[in-house]
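What follows is the residue order along each chain.
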Amino acid sequence: MADERDPAPAFDALLPPAMARRAEDVGVAKAAMETGRLVALAILAGAFIAFGAIFSTVALAGAAGSIPWGAARVLAGVVFSVGLVLVVVGGAELFTGNTLIVMAWASGRVTTGALLRNWAIVYAGNFVGALAVAIAAVGAGLPEAGGGAVGAAAVAIAAAKLRLGFVQAILLGVLCNVLVCLAVWLAYSARSTTDRVLAVVPPIAAFVAAGFEHSVANMYFVPFALLSASGDALTWRGFLVDNLLPVTLGNVIGGAGLVGGVYWFVYLRGSPPPRGAG
């Protein structure tokens, strides 16, 4: 077995120390990205995650009573992963994954202002992209697909999210973004598109199957249901205050603290920055 301190051969996957350095370099580049480009890529990422959410909703439509609950959840998770595959392989800026910029921040290569700028712009852009897809999907008649099964599944998904307690939503957000950022972290080891896809699918399938909460996915799931149906159970205030706020907090804790912070501590703490690093 090769010593993990040695650079991996060019044909092999990167080892964790090199992954950490790549994550740091990527964080520097993301934090310095020009605003117009950042906005466009953030909107794309919101739309990509929304496409995964559509695929997941369709997979669950009509499944109740005909497919075992666990099997249906796993299926929904596997198909949802297309969203992060599009982000990682196609190139886009996703808020939850960008919590890993904290690794470059902790090394002093990104300022607090640059970190928060990236998160704010990307979060807003993700919301625009996800909401635009939700509006387009409703306008295209997707809620009526399958004899109304897609709309019913969407409302059930959204209602379950809005029933969560505040602390519960935070914890589900923490667990979710641990897995999302681990998917991104594993993708940093990749040398090919196949590597990236294979790295992304299992962690993403796991978080969806377990019912963890992803802020950007919820920017599609709940508005789609709100635009598809009416009723006191689903409200914009309930979405923004009782779900999106705590889930976002949990996503930051899980991604920045439990993945980015831990891997920075293990592999980058005390190491000198690369030559020429700002």
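Residues numbered from 1 in each chain as written. Predicted model: local features only at pLDDT ≥ 70, side-chain atom pairs only at ≥ 80, totals over all residues. Heavy atoms only, no water.

### Digging into the overall build of the protein chain
When helices and strands are counted, the protein chain shows twelve helices and zero strands. Going from N to C terminus, the protein chain has its helices and strands arranged as α-α-α-α-α-α-α-α-α-α-α-α. The C-alpha atoms of the protein chain give a radius of gyration of 19 Å, which matches the 19 Å a tight globule of 278 residues would have. Overall, the protein chain is about 60 × 40 × 35 Å in size when its C-alpha atoms are taken along their principal axes. Looking at the 278 residues of the protein chain, the share that counts as buried comes to 49%. Pairs at least 24 apart in sequence give 86% of the contacts found in the protein chain among residues at least 6 apart. Split by element, the accessible area of the protein chain, about 12,200 Å² in all, is 69% carbon and sulfur. Across the protein chain, the 15 positively charged side chains and the 13 negatively charged ones have centroids separated by 4 Å. (Helix = DSSP H or I, 4+ residues; strand = E, 2+ residues; numbered from the N terminus. Rg over C-alpha atoms; globule rule 2.2 N^0.38 Å. Buried < 20%, exposed > 50% of the residue type's maximum accessible area, 1.4 Å probe, protein only. Contact = heavy atoms within 4.5 Å. Areas by Shrake-Rupley, 256 points an atom, 1.4 Å probe, with all protein chains shown as cover. Lys, Arg positive; Asp, Glu negative; His and termini not counted. Charge placed at Lys NZ, Arg CZ, Asp CG, Glu CD.)

### Focus on the pattern of salt bridges
Under the counting rule described, the total for this entry stands at six salt bridges. The salt bridge involving Asp-25 is made with Arg-109; its shortest N-O contact spans 2.7 Å. Taken together, the positions of Asp-25 in helix α1 (residues 16–31) and Arg-109 in the loop between α6 (102–106) and α7 (112–139) put the pair 84 residues apart, joining distant regions of the chain. Classification of Asp-25 by relative accessible area gives partly exposed; the value is 33%. (Salt bridge = Lys/Arg side-chain N within 4 Å of Asp/Glu carboxyl O.)

### Looking at the packing of helix α9 (residues 166–187) against helix α10 (residues 193–210)
Between α9 and α10, the least distance of the axes is 8 Å, while the angle of their chain directions is 175°. Looking at the two axes, α9 sits roughly antiparallel to α10. In this structure, α9 uses Cys-176, Leu-179, Val-180, Ala-183, Leu-186 and Ala-187 to contact α10, whose residues at the interface are Arg-196, Ala-199, Val-200, Pro-203, Ile-204, Ala-206 and Phe-207. (Axes fitted to C-alpha atoms, helices over the stretch in contact; angles between N-to-C directions. Parallel < 35°, antiparallel > 145°, perpendicular 65-115°, else oblique.)

### Overview of helix α4 (residues 82–91)
Listed as buried for α4 are Gly-83, Leu-84, Val-85 and Val-87. In this structure, the buried residues of α4 make contact with α2 (35–60), α3 (69–80), α9 and α10.

### Things to note about α3
The terminal C-alpha atoms of α3 lie 16 Å apart, and with twelve residues this matches the ideal 16 Å at 1.5 Å per residue to within 8%. In this fold, the buried residues of α3 make contact with α2, α4, α10 and α11 (215–228). (Expected span 1.5 Å × (residues − 1).)

### Topic: the environment of Val-89
Looking at the element boundaries, Val-89 is found in helix α4. Placed 108 residues apart in sequence, Val-89 and Val-197 show a C-alpha to C-alpha distance of 7.7 Å. The contact partners of Val-89, leaving out residues within four places of it in the chain, are Thr-193, Arg-196 and Val-197.

### Remarks on the packing of aromatic side chains
One pass over the full model with this rule turns up ten aromatic pairs. Here Phe-127 and Phe-239 contribute two aromatic rings whose centre-to-centre distance is 6.2 Å and whose plane-to-plane angle is 80°, an arrangement assigned as edge-to-face. Note that Phe-127 is positioned in helix α7 and Phe-239 in helix α12 (residues 236–268), a separation of 112 residues in sequence. This pair shows no difference in class: Phe-127 is buried, exactly as Phe-239 is. Ring geometry for Tyr-220 versus Phe-224: centroids 5.2 Å apart, planes at 20°, classification stacked. Here Tyr-220 pairs with Phe-224, and both are found in helix α11, just four residues apart, close to one helical turn. Taken individually, Tyr-220 and Phe-224 each receive the classification buried, so the pair is uniform in this respect. Lying over the aromatic face of Phe-265, Arg-269 brings its terminal NZ or CZ to 4.0 Å of the ring centre. (Phe/Tyr/Trp six-rings, centres within 6.5 Å; stacked < 30°, edge-to-face > 60°. Lys NZ or Arg CZ within 6 Å of the ring centre and 35° of its normal.)

### Describing the side chain of Lys-161
Along the chain, Lys-161 falls in helix α8 (residues 149–162). Judged by relative accessible area, Lys-161 falls into the buried class, the value being 9%. Polar side-chain contacts of Lys-161 include one of 2.9 Å to the side chain of Asn-218. In contact with Lys-161, not counting residues within four places along its chain, are Glu-213, Asn-218, Phe-221, Val-222 and Asn-243. (Polar contact = N/O pair within 3.5 Å; in protein donor to acceptor, adjacent residues only side chain to side chain.)

### Observations regarding the packing of α11 against α12
Packing of α11 against α12 leaves a shortest axis separation of 10 Å and a crossing angle of 170°. Judged on the interaxial angle alone, α12 and α11 are roughly antiparallel. Where α11 crosses over α12, the two elements pack in a sense that is right-handed. For the pair α11 and α12, the contacting residues are Ser-215, Asn-218, Met-219, Val-222, Pro-223, Leu-226 and Leu-227 in the first and Trp-236, Phe-239, Asn-243, Leu-244, Val-247, Thr-248 and Asn-251 in the second. Grouping the constituent residues of the contact of α11 with α12 by class yields nine nonpolar, five polar and no charged. (Left-handed = near helix turned anticlockwise from the far one by under 90°. Nonpolar A, V, L, I, M, F, W, Y, C, P; charged D, E, K, R; others polar.)

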